[in-house]
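Inside the fold
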Amino acid sequence: MVAFGKYLQRKQIEEWRGYYINYKLMKQKVKQYAEQIRGGSQHPRHVLKDFSRMLDTQIEKTVLFMLEQQGLLAGRLSTLRETHDTVLEQPDISKIVELRESYRDVGRDLLQLLKFVELNAIGLRKILKKFDKRFGYRFADYYVKTRANHPYSQLQQVFKHVGVGAVVGAISRNLHELQENEGSFYSIYDQPVLPLQDPVVEAIKTAVDKLTNSTSFLNFLAQHALIMQDDLQTPSEDTIDERTYHFNSLLLNLGNTFLYMVNTYIIVPTADDYSMSLGAAATVCGVVIGSMAVAQVFSSVYFSAWSNKSYFKPLVFSSIALFIGNLMYALAYDANSITLLLVGRLCCGLGSARAVNRRYISDCVPLRIRMQASAGFVSASALGMACGPALAGLLQIKFKFYKLTFNQSTLPGWVMAVAWLFYLVWLCISFKEPLRDTEEQERSKRNETSSSNNLTILEVKLVEEGIRKPLLITSGILPDDEEDCDESEESADDSRRPANSFGDAYRLLTPSVKVQLLIYFMLKYAMEILLSESSVVTSYYFGWTTSSVAIFLACLGLTVLPINILVGSYISNMFEDRQILLTSEIIVFVGILFSFNLFVPYTVPQYVISGLVMFVAAEVLEGVNLSLLSRVMSSRLSKGTYNGGLLSTEAGTLARVVADVTITLGGYLGRNHLLNATLLPSLVICIGSIVATCCTYNSLY
C-alpha cells in the first residue's frame, strides 16, 4: 500500500508541481505542533490559528491556479470559436475533423484540471483528518464550515465550480454543432434528448455530475433519515452494480414507508371516540395508539436481522401483518371488543419494516443516487404523517353493509386494509430481490476495487459535500502516511466487523452519541404527547370535532418538509449544528412550558401556538440531531443487524411507548388534569437533555 504523500508526488503533473498543496510540509508541521504542545512551548489556540493560516495559504495557491487554468481554457475556446464560425460558413470535412480534435484537447485538459482538484481535495481531507487524529480536536468541521460560508472564502470556488460548468457547456455545445446530421448542423438546444455524445464530453459530464450530485438540502434529509454508510466506502468502491439496481423496487420500498406512517397517524383523531364506543375511557387512546409502537420495539430487531438475508420476504410479511391488523382494528367495533382493537394495533406494529426500508437504501441503491433515495425516505415519512390525519378527517361518514359498520372509527382500518392489499399485489408483481454477495465475495470485490483504482475523479465530491459535513467522514481510501501502512489487515477487519448484539452496539457509543440518543428520545416523547392526546385535550377544552383535530394534525405534518428545507438549505449553512441543536432544545422547552394550563383559562391560540412552536422546534432538533449522529457513530454501526438506524429507531419507539403509557396513566387523574400531568414529564426530560447537551457541548461537532 502506497502512502498518500508518495502517491501525490507520483501523480502530480510536472509543470504544475508548484501549485499543489504542500502535503509533506503540512504533515511535518502537524508533528512539530505536537512536539511543541507536549513541551509546553506552544498554546493549542496558537496552533489552531497558525495551522488555519497555513491551510488558507495552501488553498488560495491552489484555487488561484485553478482559476488561471480555467481562464486559459476559456481563451482557447474563444479562439476556437472564431475558427468554428468560419467552418460553419464554408464547411470542410478536414477542418471539421481538426476542429473537433481541438475541442477534445481542451476537454482532456479540463479532465487534467479536475484531476488536479481531486488530488488537492484528498490531500486537504487527509491533513485535516491527521490533525484531528493527532490532537483530538474537531478542527475539520470548524474549518470547512467557517471557510465555506464566508463570502471571501477560496473554498467557495471549489464548491460552486461555476467556471468548470461554463467550460463543459462550451465544449459540449460546439462539439455537437460539428456533428453531421443529414447535411445540416443543429444546435444542442434544438433537441430535448441529446444523442450519443463525444466520449470526452461523456467523461467530463460524469465527473461534473459527481461534483454536483447532492445539494445541502438532500444531504440534510439523508442524514435526517440516519441511513448509515460505511465510512470506508468511497464512490470508486461502490460495490452496487448499476445494472442490478431496480427503480420500481425502490419505489415499493418508499411506498411501504409512506403507507406505514399513514397507518400510524390515521387513527389519532378518532382513537378516543373509538375507545369510548367500546366502553373504555377516552384516555385509553394512549394505549391504542401506543400498542403499535410497543410491537415495533420487537419487530425492528427481527426485521433488521431478516434484511441480512432478504428484502422481499420481510416486505411481504409486513404487508400481510398490516392487512390483518387493520382488519382486526375495523372489526373490533362490531365485535364490541377492546381486546381485538388492541391486538389489531399490535399486529400492525409487528409489520413495521422501517429497519428494512433504511437498510434497502443503504445496501441496494447505488452511491450516485443514495442521497436522493435517503431524502425520499424522509419525504415519504413526512407526507404519510400529514396524510394520515387528513384522511381521517375525510372519513366522516356512517353506513352499514350486511353486519359490518362503517363509520369514522372503523373506516381508517378498512381503508388501510384495502391499501395494504393493493400494495401487496403490486409488491409481488414488481419487486425484484437484489442479488447478494457472500461475505467473502464482497470482501474480495472490495479489495480488488480498491487496489485497482485507489483514486478517481469521483472523490472530488467529498470536498463539495464539505459544506454539510467534515471532509474526513468518508475517509479510508488511502493511508495517512507511512506509519499507517503498518496496521495489519486483521486489525482493519476487526474495526469494521458489525456489532453482534445490543450490548456490543452500546459499548461502541461515545458519551456524545448517548446524549444525542437521549435528545432523540426527548423530542419523540414530546411530539408523541402532543399528537396522541390532541383529540382528548381539544375536545375537553375547546369542543373540537374529529375534523378539526384532523386539520390541526395535518397542518403540523405539513410543516415537516418546509422546515427541513429551511434548515438544510439555509440555517445549517449559517450556524454550527451544535448551536442549532442547543437552541432548538431551548425552544422545545419554551413550547412545552407555555402549553401548561395554569392560571388563566386555556385558549385555542395558546394551545395551537405553543404546540406549533414545540413541534417545529422538535422537527429542527430531530434533523440536526440525526445529522450529528450520522457523523459520529462508529463505522461498525453502519452494517449488520444492530446498526445505527436500528438504535435510533428503538430510541424513538421506546419514547413513543412511554409517552402513550403516560397519557393512559394520566387519564386516571381525570381529563381536567391530563394536560399538565403529561406535560410535566416532557418538561423534566427536556431539562435533562439541555443539561446533558451543555455538559458535552464542546465534544459535539
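Residues numbered from 1 in each chain as written. Predicted model: local features only at pLDDT ≥ 70, side-chain atom pairs only at ≥ 80, totals over all residues. Heavy atoms only, no water.

With respect to the overall build of the protein chain
On a plain count of helices and strands, the protein chain comes out with 29 helices and two strands. Burial statistics for the protein chain: of 701 residues in total, 55% are counted as buried. (Helix = DSSP H or I, 4+ residues; strand = E, 2+ residues; numbered from the N terminus. Buried < 20%, exposed > 50% of the residue type's maximum accessible area, 1.4 Å probe, protein only.)

Some remarks on unusual backbone geometry
Positive phi values are uncommon outside glycine, yet asparagine 336 reaches one of about 50°. Among the secondary structure elements, asparagine 336 is positioned in the loop between helix H13 (312-335) and helix H14 (338-350). Within the chain, tyrosine 402 stands out as a residue other than glycine whose phi angle is a positive 55°. Structurally, tyrosine 402 is set in the loop between strand E1 (399-401) and strand E2 (404-406).

Digging into helix H15 (residues 354-364)
Among the 11 residues in H15, 10 count as buried, and that is most of the element. Listing the buried residues of H15 in full gives Arg354, Ala355, Val356, Asn357, Arg358, Arg359, Tyr360, Ile361, Ser362 and Cys364.

Quick word on the packing of helix H22 (residues 511-532) against helix H26 (residues 577-593)
Remark: H22 packs on H26, axes separated minimally by 12 Å, with the N-to-C direction vectors making an angle of 30°. Classified by the angle their axes make, H22 and H26 are roughly parallel. At the point where H22 passes H26, the crossing takes the left-handed sense. For the pair H22 and H26, the contacting residues are Ile519, Met522 and Ala526 in the first and Leu581, Glu585, Val588 and Ile592 in the second. Along the lines of polarity and charge, the residues of the contact of H22 with H26 split into six nonpolar, no polar and one charged. (Axes fitted to C-alpha atoms, helices over the stretch in contact; angles between N-to-C directions. Parallel < 35°, antiparallel > 145°, perpendicular 65-115°, else oblique. Left-handed = near helix turned anticlockwise from the far one by under 90°. Contact = heavy atoms within 4.5 Å. Nonpolar A, V, L, I, M, F, W, Y, C, P; charged D, E, K, R; others polar.)

Section: the packing of aromatic side chains
Per the counting criterion, the structure on display carries 33 aromatic pairs. With centroids separated by 6.2 Å and ring planes inclined at 70°, the aromatic side chains of tyrosine 602 and tyrosine 607 adopt a geometry described as edge-to-face. Assessed through its relative accessible area of 9%, tyrosine 602 is described here as buried. Given a relative accessible area of 4%, tyrosine 607 falls into the buried group. Among the aromatic residues, ring-to-ring pairing joins Tyr540, Tyr541, Phe542, Trp544, Phe552, Tyr602 and Tyr607 into one connected group. (Phe/Tyr/Trp six-rings, centres within 6.5 Å; stacked < 30°, edge-to-face > 60°.)

Observations concerning the nonpolar core
Leu250, Val365, Met385, Leu427, Val588, Ile592 and Phe615 are the most contacted members of the largest nonpolar core, which has 108 residues in total. Here this core takes 13 residues from H22, the largest share from any one element. Each residue touching leucine 427, except ones within four places of it in the same chain, is listed here: Leu252, Phe312, Leu315, Val316 and Ser319. Counting residues in each nonpolar core, the second largest holds 43 residues, with Tyr33, Phe65, Leu77 and Val167 among its members. (Core = buried A, V, L, I, M, F, W, Y, C linked by side-chain atoms within 4.5 Å.)

Notes on the pattern of salt bridges
One pass over the full model with this rule turns up eight salt bridges. Of the charged contacts, one joins aspartate 50 and arginine 53 as a salt bridge, the two residues approaching to 3.4 Å between their closest N and O atoms. You can see aspartate 50 and its partner arginine 53 sitting in helix H3 (residues 44-89), three residues apart, about one turn around the helix. Overall, aspartate 50 belongs to the partly exposed group, its relative accessible area being 27%. Looking at arginine 53, the relative accessible area reads 44%, which means it is partly exposed. (Salt bridge = Lys/Arg side-chain N within 4 Å of Asp/Glu carboxyl O.)

Quick notes on the packing of helix H12 (residues 285-306) against H15
Packing of H12 against H15 leaves a shortest axis separation of 8 Å and a crossing angle of 35°. Contacts between H12 and H15 involve Gln296, Ser300, Phe303 and Ser304 on the former and, on the latter, Arg354, Ala355, Val356 and Arg359. Looking at the contact of H12 with H15 residue by residue, the class counts come to three nonpolar, three polar and two charged.

As for the confidence of the model for the protein chain
The pLDDT averaged across the protein chain works out to 77; a share of 74% of its residues lies at or above 70. Across residues 181-186, where pLDDT falls below 50, the model places 12 contacts with residues more than four positions away in sequence or in other chains. Low pLDDT, under 50, characterises residues 192-196; the stretch is placed with four contacts to residues that sit more than four places away or in other chains. (pLDDT = per-residue confidence, 0-100.)

Quick look at the side chain of threonine 649
With respect to the helices and strands, threonine 649 occurs in helix H28 (residues 644-666). Classification of threonine 649 as buried rests on a relative accessible area of 7%. Apart from the residues lying within four places of it in its own chain, the contact partners of threonine 649 are Gln296, Ser300 and Arg358.

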